[in-house]
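Here is how the chains run, residue by residue.
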Amino acid sequence: MSSDLPYAADAQVSLSYDELEVLRSQYQKELAQSHVTVQTKFNYAWGLVKSPVRDHQVEGVRLLQDIYRTESTRRRECLYYIALGYYKMGNYEDAKSFNDFLLEKEPGNLQAQSLSALIEQGVTKEGYVGMALAGGAVALGTLLIAGIIRRATRK
């Protein structure tokens with residue numbers, strides 16, 4: 001975790017299996033009783049988003065989007081954790097979109113500012129990887145063409 005971005009610690013810290021299991025058990029218990037409280041659903045979604053497991057993150061974002069649509073009082077929290085979930089999944093475009101929306105509403109939000117910096121780092125890193133792959137493909141293509149030309153000139 002980068003020390004210059006202390007507010008987005010959620011991006012790097014996961015719950016233990018046992019901690020997530022407590023949240024899952026509570027959620028499943030309330031689901032079986034046909035009444036899941038918003039807090040229980042949010043807590044479980046929060047834990048899933050923090051997980052290093054992609055399927056957990058996807059489910060966490062789905063639950064948070066459901067809360068966002070139905071509970072106007074929880075929208076700020078949902079926006080941040082939806083953006084965080086997309087960031088952790090490597091979906092920087094959606095992460096940026098949700099985080100920017102939060103920053104429009106709360107420009108001084110330190111968590112969102114910090115997450116914005118992490119998203120930009122992810123976009124930059126992804127760009128470098130893309131350039132490296134493209135460069136490798138060009139180099140391979142050049143070698144193949146050179147081999148074909150050399151073979152043709154020997155005949």
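Residues numbered from 1 in each chain as written. Predicted model: local features only at pLDDT ≥ 70, side-chain atom pairs only at ≥ 80, totals over all residues. Heavy atoms only, no water.

**A word on unusual backbone geometry**
Phi at serine 34 is positive, roughly 60°, even though this residue is not glycine. By the element assignment, serine 34 lies in the loop between helix 1 (17-32) and helix 2 (38-50). A residue is classified by how much of its surface remains accessible, and serine 34, at 68% relative accessible area, is exposed. (Helix = DSSP H or I, 4+ residues; strand = E, 2+ residues; numbered from the N terminus. Buried < 20%, exposed > 50% of the residue type's maximum accessible area, 1.4 Å probe, protein only.)

**Things to note about the environment of glutamine 39**
Within the fold, glutamine 39 resides in helix 2. Residue classification places glutamine 39 among the partly exposed residues on the basis of a relative accessible area of 40%. Taking the C-alpha atoms as reference points, glutamine 39 and arginine 74, 35 residues apart in sequence, are found 9.5 Å from one another. At 3.1 Å, the side chain of glutamine 39 and the side chain of arginine 74 are in polar contact. (Polar contact = N/O pair within 3.5 Å; in protein donor to acceptor, adjacent residues only side chain to side chain.)

**Re helix 2**
Taking 1.5 Å per residue, 13 residues should reach 18 Å; helix 2 reaches 18 Å between its end C-alpha atoms and fits that length. Taken residue by residue, helix 2 has Thr40, Lys41, Phe42, Tyr44, Ala45, Gly47, Leu48, Val49 and Lys50 as its buried positions. Packing partners of the buried residues in helix 2 comprise helix 1, helix 3 (54-70) and helix 4 (75-88). (Expected span 1.5 Å × (residues − 1). Contact = heavy atoms within 4.5 Å.)

**Focus: the packing of helix 4 against helix 5 (residues 92-105)**
Running from amino to carboxyl end, helix 4 crosses helix 5 at an angle of 160°, the nearest separation of the two axes being 7 Å. Classed by the angle they form, the pair helix 4 and helix 5 counts as roughly antiparallel. Read as a crossing pair, helix 4 and helix 5 show a hand that is left-handed. Contact residues: helix 4 offers Arg76, Leu79, Tyr80, Ile82, Ala83, Tyr86 and Tyr87, while helix 5 offers Tyr92, Asp94, Ala95, Phe98, Asn99, Phe101 and Leu102. (Axes fitted to C-alpha atoms, helices over the stretch in contact; angles between N-to-C directions. Parallel < 35°, antiparallel > 145°, perpendicular 65-115°, else oblique. Left-handed = near helix turned anticlockwise from the far one by under 90°.)

**Focus: the packing of aromatic side chains**
Across all of its chains, the model carries five aromatic pairs by this definition. With 6.0 Å between their ring centres and 75° between their planes, phenylalanine 42 and tyrosine 81 make a pair best called edge-to-face. Placement of the pair is phenylalanine 42 in helix 2 and tyrosine 81 in helix 4, with a sequence separation of 39 residues. For tyrosine 81, a relative accessible area of 10% puts it in the buried group. Members of the aromatic cluster, connected to one another through ring pairs, are Phe42, Tyr80 and Tyr81. For arginine 74, the ring lying beneath its charged end belongs to phenylalanine 42, and the centroid distance is 4.5 Å. Directly above the aromatic system of tyrosine 68 lies the positively charged group of arginine 75, at a separation of 5.0 Å from the ring centroid. (Phe/Tyr/Trp six-rings, centres within 6.5 Å; stacked < 30°, edge-to-face > 60°. Lys NZ or Arg CZ within 6 Å of the ring centre and 35° of its normal.)

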